[in-house]
Amino acid sequence: MKFILVFLFILFLYVSVIEPNILTVKRITVSDERLKGLKIVFASDFHVKPHEKYRLERIVKKINEQNPDVILLGGDYVNGHKKGNTLNVDIIAGLLGDLKSRYGTVAVMGNHDGWQGKKEIIEAFETEGITVLENSNRNFGEFTVAGVEDLQTGMPDIKKALSGVKNSVIFLSHTPDIIEHVPDSVNLTLCGHTHGGQVVIVKPLTVPSKYGTKYAYGYYENERMFVSRGLGTSILPLRFNCFPEIVVINFI
């Protein structure tokens, strides 16, 4: 009995403290002649709690160490449904404003951002020089980044987001649930929201997607989509066999 209690304590410590604070770098290569040589860092689902300024500082430092051409953010910067459950929005925006890349930082909003008042978050981000896309796009000459509103708290309009785009497109959506409506002309779609299931025992226990575990995590070659595990936790402050990550994408 004593051994069992010790084991359960260690397991609880691991899933609630150790693994949620491990920061990994996932590296993938995508073959695309039109974007060859471009390096992206994608980060999503921060869910920064009131006491986690240090965690966000580590994330920003790790992203900057990758020396990316452009940094893309997939939403859910705040934690929970109420402002008291998250680090101050101005502090979050200020730290994310320290991100460095050749083309800058581009973001979309997530469902938690919508629940807590995305207008305030967008204003804070834009004050720090972060471009926020809501059914819109930003052209960088060699490529365009397009992004849609969150499916739960907004009205994603893919056609509007791609309006006027004439070159290669990297598409941002908080959730992968819009993927079947994304046209083949899009070079790569980047999503978060699923947290990779957050707790994975053989397969994810549950995934917040109408597709179940189909688009829980990873690169989907047919759809040209990558779904990230994200960086934080939601509902249960636990992770198991599902490490927090930033994603480095190199086009070859």
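Let me sum up the structure you'll find in this document.

### Here we look at the sheet that holds strand 6 (residues 136-139)
- A sheet is described by the order of its strands in space; here six strands give the open sequence 6-7-8-9-13-12, paired in mixed fashion. The open sheet terminates on both sides in strands that have one partner only, identified here as strand 6 and strand 12 (218-220). Between one strand axis and the next, the sheet turns by 20 degrees as a mean value, whatever way the strands run.
- For strand 6 and strand 7 (residues 144-147), the ladder comprises four bridges, and the chain directions are antiparallel.

### Some thoughts on the layout of surface pockets
- Quantified by volume, the largest pocket comes out at close to 400 Å³.
- Classifying every residue of the lining of the largest pocket gives eight nonpolar, twelve polar and two charged.
- Of the voids in this model, the second largest pocket is the one considered here, and its volume is about 160 Å³.
- Sorting the residues of the lining of the second largest pocket by element identifies helix 1 (2-18) and helix 2 (53-65) as the ones contributing at least two each.
- Looking at the lining of the second largest pocket residue by residue, the classes come out as five nonpolar, five polar and three charged.

### A look at helix 3 (residues 89-96)
- Turning to helix 3, its buried residues are Val89, Ile92, Ala93, Leu95 and Leu96. Across the axial projection of helix 3, the buried residues extend over an arc of 165 degrees, all falling on one side.
- Against helix 2, strand 3 (70-73) and helix 5 (118-127) lie the buried residues of helix 3.
- For helix 3, the N-terminal cap is asparagine 88; the gap from its side-chain oxygen to the backbone nitrogen of aspartate 90 is 2.8 Å.

### Examining the packing of aromatic side chains
- Under the criterion given, the structure shown has nine aromatic pairs.
- Here tyrosine 103 and phenylalanine 143 contribute two aromatic rings whose centre-to-centre distance is 5.1 Å and whose plane-to-plane angle is 90 degrees, an arrangement assigned as edge-to-face. Of this pair, tyrosine 103 sits in the loop between helix 3 and strand 4 (105-107) while phenylalanine 143 sits in the loop between strand 6 and strand 7; the two residues are 40 residues apart in sequence, bridging distant segments of the chain. The burial state of tyrosine 103 is the same as that of phenylalanine 143; both residues are buried.
- What links up through ring pairs into an aromatic cluster is the set Phe46, Tyr77 and Phe125.
- One Lys or Arg, arginine 229, reaches over the ring of tyrosine 217 and ends 4.3 Å from the middle of that ring.

Procedures and definitions
- Residues numbered from 1 in each chain as written.
- Predicted model: local features only at pLDDT ≥ 70, side-chain atom pairs only at ≥ 80, totals over all residues.
- Heavy atoms only, no water.
- Pairing = 2+ DSSP bridges.
- Helix = DSSP H or I, 4+ residues; strand = E, 2+ residues; numbered from the N terminus.
- Axes fitted to C-alpha atoms, helices over the stretch in contact; angles between N-to-C directions.
- 1 Å grid on protein atoms, 1.4 Å probe; cavity = no way out; pocket = protein on both sides within 12 Å on 5 of 7 lines; lining within 4 Å.
- Points joined across faces, edges and corners; volume = space filled by probe spheres on them.
- Nonpolar A, V, L, I, M, F, W, Y, C, P; charged D, E, K, R; others polar.
- Buried < 20%, exposed > 50% of the residue type's maximum accessible area, 1.4 Å probe, protein only.
- Arc of directions from axis to C-beta.
- Contact = heavy atoms within 4.5 Å.
- Polar contact = N/O pair within 3.5 Å; in protein donor to acceptor, adjacent residues only side chain to side chain.
- Phe/Tyr/Trp six-rings, centres within 6.5 Å; stacked < 30°, edge-to-face > 60°.
- Lys NZ or Arg CZ within 6 Å of the ring centre and 35° of its normal.

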